[in-house]
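# Structural description and commentary
What follows is each chain in one-letter form.
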Amino acid sequence: EHKICEPGGHGMTFPLTTVEQSWSTGVRALLYATALIYLFLGVNIVSDKFVASIEVITSKKKRIRHRSTGRIVTVAVWNGTVANLTLMALGSSAPEILLSVVETTMGRFYSGQLGPSTIVGSAAFNLFMIIAVCIMSIPSTEVRRIKETNVFFVTAAFSIFAYLWMLFICSISSPDVIDPWEACLTLAFMPVLIFISYLADIGYFTGGRQPLAVQCARPLGIEDDHQAIFQGRFVGRSSSSLPSDVSEIDFSPNSEAKRPSGGVIAFPADTWDVASGLEAREVAIPVLRRQSTAGTVSCKYRLEGRTAVPGYDFVAADGELVFGPGDARAFVPVTLLPKRLGEHKDMFQVILEEADGDGEFDSRTDGGETSCVLTVTIHNENDDLARFSATVRASRWFDGVVNMDSWRLSVRTWREEIVASVTQVVEDEDETPSTLDWAMHIASVPWKAPMAVVVPPSNLAGGWPCFIMSLAVIGGLTCWVIDFAELFGCVVGIEDSITAITFVALGTSMPDLFASKTAACQDEWADASIVNVTGSNSVNVFLGIGLSWTMSAIYWAMQGATDEWKIINGDFVEQYPGGAFVVRSGDLGFSVVVFTLAAMVALTLISARRTRFGGELGGPYLPKLMSSVLLVLLWLFYILLSIWKIAHKDASFGEQAFAILIGACILENVLLACGVVAWLTRSPEGMAKLKDIEVGGEVADGGPKALEAAPQLPPLHTLTMLGRTGAVGTLLPGGHKAPAGLADGLRLAAGGASLR
């Protein structure tokens, strides 16, 4: 069989003509590399739409009856952890997963090199490089810590297990052959991971979530003048609707409840019905402050549509409510837009959040302790007219089924996205585009314009059309990525597996890098930067490898050994006369071993940083810098050793083990040398920030807090390089000795504990 870059060779789509085979090697290499980079740009653009559709899908909410209170409360349809490990993981890892599946199916169910190698290479880039960037992106006076530690431990354990399992089925259980039961079990680990992570998220392994301290039995007493305010009326439940007056709550010394000094902010009831007609109207929604009116209390409010569509049924708004001393009531202004004849009733919600000034929300209301939610139903005051017209009745029924306002908004958004794909250079209209912005816009217009036409907006039909079309486009682009990756590797004489763990892995992971860095800087917690990485790395194996290998293993078990199979896998004919799915695991197995060892070191470092500084990201400058350096070195450790093994296919087990040992020794020496250089070149400004900082400062409410300190290490006196490989000794005043060995190098990166 001819190679793809040779006369007679071909891929799924490219090369389109044989003319390019007569071009010089340099021209072809440059052409294919440029095409590959440009394809990554297209994949990134459509991946943004894919992720946007997933965010819409997973943000869907529903109203259910609370089992313990009997109240109707608003809950998310998708559990956050389940959403992260399914749709969100699929969104961030779609290129790698589809590359593995497409390569296998289009390759007639023979094992390819790009898919598995790209998945392992992408996992290495995510765990080492992305987290290194996130650690450095946090100011030295701040930290970000993981909130859902139980989920992190589960996903971290599975991220190690996934690659150990991959090594087991490739090299130990049935060497170089994947049996159907092995492939199916790999795929089955996906729901197992989701289920165990869900149990960890709801607190199953730690005794479950704590019960609410304050129990309430009667609805909030509502004054008569609250029943009808500005053309609206509150509808409260007959029992267990909201906490009653302060006299109904136990504030005895033995009670866990504490009287809030600023009062409890709540709506008078759970729901509100209001009528709207052919003209717009203003309504004011009352918000009560109970139990105490001392001091000034405030909270933020915003309007969120459910079946009601902002701009069609009501005017979207947000703002702040302020209760002055003695104020027991405030109002949220709402503008209701006209309703047409035959338009169905709709609902939206008023959400109160971010209470300040010692005020708080009641945990028994819809929204819990962190917010308070009121559901408003907009009735059509002209519904009585529908009785006299079959057309109006039909229109009302149809609007109730498909929500015409939502479709109108989607069509308008689609048109605006098409126009913006050509005319909008930067997202912020008030910002003046730079030369680089113009260059990127001109380069991306050939991608953005057709994507805007082909892929619907994410707000159409709950995001599912955008989800399906984005996935289809990513799959098509992945076919081209495979062709150009193979063409580039063939022309320059590089194995496909090397191209996969370097160029392809980096190209498919760059969107995750920018998204994770942004999340690290803007989010209060580190979950989006770290837990998503460990979860995504597990999903890549269980879904990306599991799906493609399951299809191939079952195919060859049913197909049997063909003449082509016997030619390609001649050395397996005697052992598997009936055919089997062959995965030559030499290079892949070694790559998995190196990655697993490096991943264990990285996860140990992450845990040590939490113990040492109270958070996985950020912290004092020098330890932060050394942590990032160690992670970058671990990535280079994986890349260089994997390339060495691919270049030395016949290396014995002893040679492979010795190579890993030499690589570890070089890594620790480079790490310690970087530490010494960082110490010698530290700036006075940087040291001023580190001086007199207390390590392990408290973190308020489990969240991030400005660190007030880091260890003040003794000044470096002399440096002695010992004669043996892999050991560096640093002599410090007062009998202190710097780290020697990989374990001490890790402690240096985690905070310099051994330098005391």
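What counts, and at which threshold
- Residues numbered from 1 in each chain as written.
- Predicted model: local features only at pLDDT ≥ 70, side-chain atom pairs only at ≥ 80, totals over all residues.
- Heavy atoms only, no water.
- Helix = DSSP H or I, 4+ residues; strand = E, 2+ residues; numbered from the N terminus.
- Areas by Shrake-Rupley, 256 points an atom, 1.4 Å probe, with all protein chains shown as cover.
- Buried < 20%, exposed > 50% of the residue type's maximum accessible area, 1.4 Å probe, protein only.
- Contact = heavy atoms within 4.5 Å.
- Phe/Tyr/Trp six-rings, centres within 6.5 Å; stacked < 30°, edge-to-face > 60°.
- Pairing = 2+ DSSP bridges.
- Salt bridge = Lys/Arg side-chain N within 4 Å of Asp/Glu carboxyl O.
- Core = buried A, V, L, I, M, F, W, Y, C linked by side-chain atoms within 4.5 Å.
- Patch = residues over 30% accessible without salt bridge, like charges linked within 9 Å, V, L, I, M, F, W, Y side chains within 5 Å.
- Lys, Arg positive; Asp, Glu negative; His and termini not counted.
- Charge placed at Lys NZ, Arg CZ, Asp CG, Glu CD.
- Axes fitted to C-alpha atoms, helices over the stretch in contact; angles between N-to-C directions.
- Parallel < 35°, antiparallel > 145°, perpendicular 65-115°, else oblique.
- Nonpolar A, V, L, I, M, F, W, Y, C, P; charged D, E, K, R; others polar.
- pLDDT = per-residue confidence, 0-100.
- Left-handed = near helix turned anticlockwise from the far one by under 90°.

### Regarding the overall build of the chain
Helix and strand counts for the chain stand at 17 helices and 18 strands. On the chain, roughly 34500 Å² of surface is accessible, and the fraction owed to carbon and sulfur atoms is 60%.

### Overview of the environment of Thr296
Checked against the element boundaries, Thr296 lands in the loop between β8 (281-290) and β9 (297-305). Taking the relative accessible area as the measure of exposure, Thr296 reaches 47% and is therefore partly exposed. When the C-alpha positions of Thr296 and Gly359 are compared, they lie 8.6 Å apart, and in sequence the two are 63 residues distant. Filtering out sequence-adjacent residues up to four positions away, Thr296 remains in contact with Arg289, Val322, Phe323, Gly324, Pro325, Asp356 and Gly357.

### Some details on the packing of aromatic side chains
Going through the model one piece at a time under the given rule, you end up with 26 aromatic pairs. An angle of 55° between the planes, with centres 6.0 Å apart, marks the rings of Phe128 and Phe595 as tilted. Of the two residues, Phe128 is situated in helix α3 (residues 114-137) and Phe595 in helix α13 (residues 586-613); the sequence distance between them amounts to 467 residues. Comparing Phe128 with Phe595, the two get one shared label, buried. Cluster of aromatic residues (ring-pair linked, three or more members): Phe158, Phe161, Trp165, Phe168, Phe189 and Phe542.

### Focus: the sheet that holds β8
Taken in spatial order, the 4 strands line up as β11-β8-β6-β13 in an open sheet, and their pairing is mixed. With one partner strand each, in any of the chains shown, β11 (329-336) and β13 (360-361) form the two edges of the open sheet. The pairing of β8 with β11 spans 8 bridges and is antiparallel. By the bridge assignment, Pro286 is partnered in β11 with Phe331.

### Points about the pattern of salt bridges
Tallying each qualifying case throughout the model produces 19 salt bridges. The residue Asp587 makes a salt bridge to Lys645 at a minimum N-O spacing of 3.1 Å. In this pair, Asp587 is assigned in helix α13 and Lys645 in helix α14 (residues 621-647), connecting sequence segments 58 residues apart. By the burial criterion, Asp587 is buried, and Lys645 matches it. Between Asp587 and Lys649 there is a salt bridge, and its shortest N-O distance comes to 2.7 Å. Linking Asp587 in helix α13 with Lys649 in the loop between α14 and α15 (653-680), this pair joins segments that are 62 residues apart in sequence. Its relative accessible area of 43% is what places Lys649 among the partly exposed residues.

### Here's the deal with the nonpolar core
Leu127, Phe128, Tyr163, Met166, Trp549, Phe595 and Leu631 are the most contacted members of the largest nonpolar core, which has 134 residues in total. Not counting residues within four places of it along the chain, the set of residues in contact with Trp549 comprises Pro116, Met166, Ile169, Cys170, Ile178, Ala183, Phe581, Val583 and Leu588. In terms of nonpolar packing, the next biggest core, distinct from the first, is built from 28 residues, Phe267, Tyr301, Ala330 and Cys372 among them.

### What about a negative patch on the surface?
A grouping of Asp48, Glu427, Asp428, Glu429, Asp430 and Glu431 is seen on the molecular surface, where their side chains present a negatively charged patch. Using a relative accessible area of 72% as the deciding quantity, one classes Glu429 as exposed.

### Topic: the pairing of strand β12 (residues 346-356)
Looking down a regular strand, the side chains alternate between one sheet face and the other. As judged from the 7 bridges shared by β9 and β12, these two strands associate in the antiparallel manner. Looking at the pairing, Gly305 lines up with Phe348 of β12. Bridge count between β12 and strand β14 (residues 371-380): 8 bridges; the pairing is antiparallel. Bridge pairing links Glu353 to Ser371 in β14.

### Quick word on the side chain of Thr377
The topology assignment puts Thr377 in strand β14. Judged by its relative accessible area of 11%, Thr377 is buried. Every residue in contact with Thr377, bar those within four places of it in the chain, is listed here: Trp272, Asp273, Val274, Lys345, Asp346 and Met347.

### Quick word on the packing of helix α6 (residues 390-402) against helix α7 (residues 404-423)
The geometry of a pair of packed helices is captured by two quantities: the angle between their axes and the separation between those axes. Across the interface, α6 lies against α7 with an axial gap of 7 Å and an inter-helix angle of 60°. Judged on the interaxial angle alone, α7 and α6 are oblique. Two secondary-structure elements touch here, α6 through Phe398, Asp399 and Val402 and α7 through Met404, Asp405 and Trp407. Class assignment of the residues belonging to the contact of α6 with α7 gives a composition of 4 nonpolar, no polar and 2 charged.

### Some thoughts on the confidence of the model for the chain
The predicted model of the chain averages 81 in pLDDT, with 83% of residues at 70 or higher. Counted against residues more than four places away or in other chains, residues 210-257, with its pLDDT under 50, gives 104 contacts.

### Remarks on the pairing of β14
With 9 of 10 residues buried, β14 lies mostly within the body of the structure. Where strand β7 (residues 271-276) and β14 come together, 6 bridges link them in parallel fashion. Across the sheet, the residue bridging to Thr271 is Thr375, located in β14.

### Observations concerning unusual backbone geometry
Glycine aside, the phi torsion of most residues is negative, and most peptide linkages are trans. Backbone torsion omega between Phe14 and Pro15 reads 0°, so that peptide bond is classified as cis. Tracing the sequence through the fold places Pro15 in the segment before α1 (25-58). Here Glu354, not a glycine, exhibits a phi torsion of approximately 55°, which is positive. Inspection of the secondary structure assignment puts Glu354 in strand β12. Take Glu354: its relative accessible area is 53%, and that puts it in the exposed class.

### So, a nonpolar patch on the surface
A cluster of nonpolar side chains, contributed by Phe658, Leu661, Ile662, Ile666 and Val670, occupies part of the molecular surface with about 440 Å² of accessible area. Mapped onto the secondary structure, Val670 falls in helix α15.

### Observations regarding the packing of helix α2 (residues 80-106) against α3
The geometry of α2 relative to α3 is characterised by a closest axis approach of 8 Å and an angle of 165° between their N-to-C directions. Considered as vectors, α2 and α3 are oriented roughly antiparallel to each other. Once α2 is placed against α3, the crossing between them reads as left-handed. Taken together, the residues of α3 that come into contact with α2 (itself represented by Glu96, Leu99, Ser100 and Glu103) are Leu114, Gly115, Pro116, Thr118, Ile119 and Ser122.

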